[in-house]
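One letter stands for each residue in the lines below.
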Amino acid sequence: METLSHAITPSSSPKFTLPRNDNVSRRLLRYRHGFSSLNLRTLRSQRRSRVFSKVECSQSSNNNIDFSDPDWKSKFQQDFEKRFNIPHITDIFPDAHSFPSTFCLRMRTPVTEDFAEGYPSDEEWHGYINNKDRVLLKVIHYSSPTSAGAECIDPNCSWVEQWVHRAGPREKIYFKPEEVKAAIVTCGGLCPGLNDVIRQIVITLEIYGVKNIVGIPFGYRGFSDKDLSEMPLSRKVVQNIHLSGGSLLGVSRGGPPVSEIVTRMEERGINMLFVLGGNGTHAGANAIHNECRKRKLKVAVVGVPKTIDNDILLMDKTFGFDTAVEEAQRAINSAYIEAHSAYHGIGIVKLMGRSSGFIAMQSSLASGQVDICLIPEVPFHLHGPHGVLRHLKYLIETKGSAVVCVAEGAGQNLVEKTNATDASGNIVLGDFGVHIQQETKKYFKEIGIPADVKYIDPTYMIRACRANASDGILCTVLGQNALTRSLLKCSSMSRPWHILAYRVVQVCPS
Ligand SMILES: Nc1ncnc2c1ncn2[C@@H]1O[C@H](COP(=O)(O)OP(=O)(O)O)[C@@H](O)[C@H]1O
Ligand SMILES: O=P(O)(O)OC[C@H]1O[C@](O)(COP(=O)(O)O)[C@@H](O)[C@@H]1O
Ligand SMILES: [Mg+2]
């Protein structure tokens, strides 16, 4: 059903990443020295609105909208539709044949006495998604630009509906399961839930009748490295992999050029590729899609967005984030106990978040034990009358102890730049956690107040965890949705807004 002529990926479009010092988040997240005015519910709704407003802002900042035009709203909506349009397979292969979905009751139910009179009709099952189904993105109707947290497209804060496609199984598919060779690859850093998604993709592929399923070891590198061979996958292999963290297939940064990946895919007969990864991975997947298209290959490329940092716009929550927040609280609690038990104790916890402070922020909110939370979106000073250290002194004087939570991307202007990049080209950040720890010790020594500073960096312990129940469910739905896209399409990329629709996806009864 859906194919993409121009996949948009987080890295190729700033719309999907949360840039540092983003104005809107700066406004919303201005809570450095206390959380009293925020609760999680408002945070979520604010985030949601902030997320969507990012798309709007990117348009209005381009000065594309003439609000004096009486038709500006419909033009805006048309543009939104166009940019989020999902081309059909027949756009690329006009003669492509469709087949009745194999993801249906009739195909999977064995002949038993219960069905002596015949199988229930699929028409009566009502388990498929209509291609025209849409999900409404925006949930808050701000009636005034001065309404708390309002993010508006026009000066009057008009209500503009924005619709995205609904994910889920379709009645017709465009790949015969017996002709599919599906490959799964996991790239970038680890994230809780990778195994859950792999597992669900394999299980759903089998439900559709696909038997030839392989895993590509160690990210895109697995396509080129001669020492790495494909891993055959089946329900039996993946049955219990969700019980542990990491990725069954392994991950890596860097890798071969896209043309080589596609050549290897051709050689191996892979016509369906599931990529699990973040912005870099999706940039790669987009390039693979374009290369397949250039070579006129009928290949489906489906991306499942993975970012433990939760920094993809249009998505409320990416898998692994919830687990990370839950796990981070253990570190915060340890920091609190250490700080509270020491004379003038200061506990500092560094959490992940290259360019965003969502993990730091939400775990701080959830823990209720953090006095200062430093995130990349909000600039701050360490020194000076309004600096963090001065506030720490105040906390020590008034409370006797303090807990600080820092996101790894915070305070980058205060540490020396490394000028290094990793194998994928990501900038290697300066270690602000270590820096603030040292500066805190130095500061209290200088002012002659004793302070017992304890530093905790649980980064890799958090990343290696298995997904919690909430992420497990999200991963299951994402794995299923990845499939319901791929079999429908020739070559496609998942887009965050499909996944946003996860809550409405119907699961085929088993
Ligand atoms: N612009 C790009 N084009 C093609 N491949 C890319 C691009 N950016 C990153 N990649 C590849 O994607 C993989 C994962 O990228 P990385 O940035 O490490 O993780 P993440 O996907 O989590 O952001 C790496 O193998 C990297 O080489
Ligand atoms: O040590 P590594 O593998 O470079 O990973 C560190 C990075 O991983 C992350 O947790 C997630 O990054 P990716 O989404 O790119 O995998 C970042 O917050 C962090 O900067
Ligand atoms: Mg990345």
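Residues numbered from 1 in each chain as written. Chains lettered and ligands numbered in written order. Predicted model: local features only at pLDDT ≥ 70, side-chain atom pairs only at ≥ 80, totals over all residues.

Here's the deal with the domain arrangement of the chain
Interfaces are often sized by the accessible area lost when the parts come together.
Okay, step 1: In terms of domains, the chain is made up of domain 1 (175-306 + 468-494) and domain 2 (321-456).
Okay, step 2: Each of domain 1 and domain 2 has a C-alpha centre, and the two are 37 Å apart.
Okay, step 3: Counting residues at the interface gives 8 residues for domain 1, matched by 7 residues for domain 2.
Okay, step 4: Looking at side-chain class alone, the side of domain 1 that touches domain 2 contains 1 nonpolar, 5 polar and 2 charged residues. (Domains from an automatic or database assignment. Contact = placed C-beta atoms within 7 Å. Nonpolar A, V, L, I, M, F, W, Y, C, P; charged D, E, K, R; others polar.)

Details of the sheet that holds strand β6 (residues 212-216)
Okay, step 1: One open sheet accounts for 5 strands, arranged β7-β6-β5-β8-β9; its pairing is mixed. Looking at the sheet topology across the chains shown, the edges are occupied by β7 (231-232) and β9 (300-305).
Okay, step 2: Alignment of strand β5 (residues 181-186) against β6, held across 5 bridges, turns out to be parallel. What sits directly across from isoleucine 184, in β6, is glycine 215.
Okay, step 3: Running at roughly 175° to β5, helix α7 (residues 194-208) makes contact with β5, β6, β8 (272-277) and β9 of the sheet. (Pairing = 2+ DSSP bridges. Helix = DSSP H or I, 4+ residues; strand = E, 2+ residues; numbered from the N terminus. Axes fitted to C-alpha atoms, helices over the stretch in contact; angles between N-to-C directions.)

Observations regarding the nonpolar core
Okay, step 1: Leu273, Phe274, Ile359, Cys405 and Val406 are the most contacted members of the largest nonpolar core, which totals 102 residues.
Okay, step 2: A per-element tally of this core places helix α12 (residues 321-341) first, with 9 residues.
Okay, step 3: Both domain 1 (175-306 + 468-494) and domain 2 (321-456) contribute no fewer than three residues apiece to this core.
Okay, step 4: In this structure, leucine 273 is in contact with Ala183, Val185, Met265, Ile288, Val299 and Val301, ignoring residues within four places of it in sequence. (Core = buried A, V, L, I, M, F, W, Y, C linked by C-beta atoms within 7 Å. Buried ≥ 20, exposed ≤ 12 C-beta atoms within 10 Å, placed from the backbone.)

A look at the site of ligand 1
Okay, step 1: Inspection of the region around ligand 1 gives 20 residues, with Gly188, Gly278, Gly280, Gly284 and Ser424 positioned closest.
Okay, step 2: Looking at which element gives the most residues to the shell around ligand 1, the answer is helix α11 (residues 279-294), with 6 residues.
Okay, step 3: The residue inventory of the shell around ligand 1, partitioned by class, reads 5 nonpolar, 14 polar and 1 charged. (Near = placed C-beta within 6 Å.)

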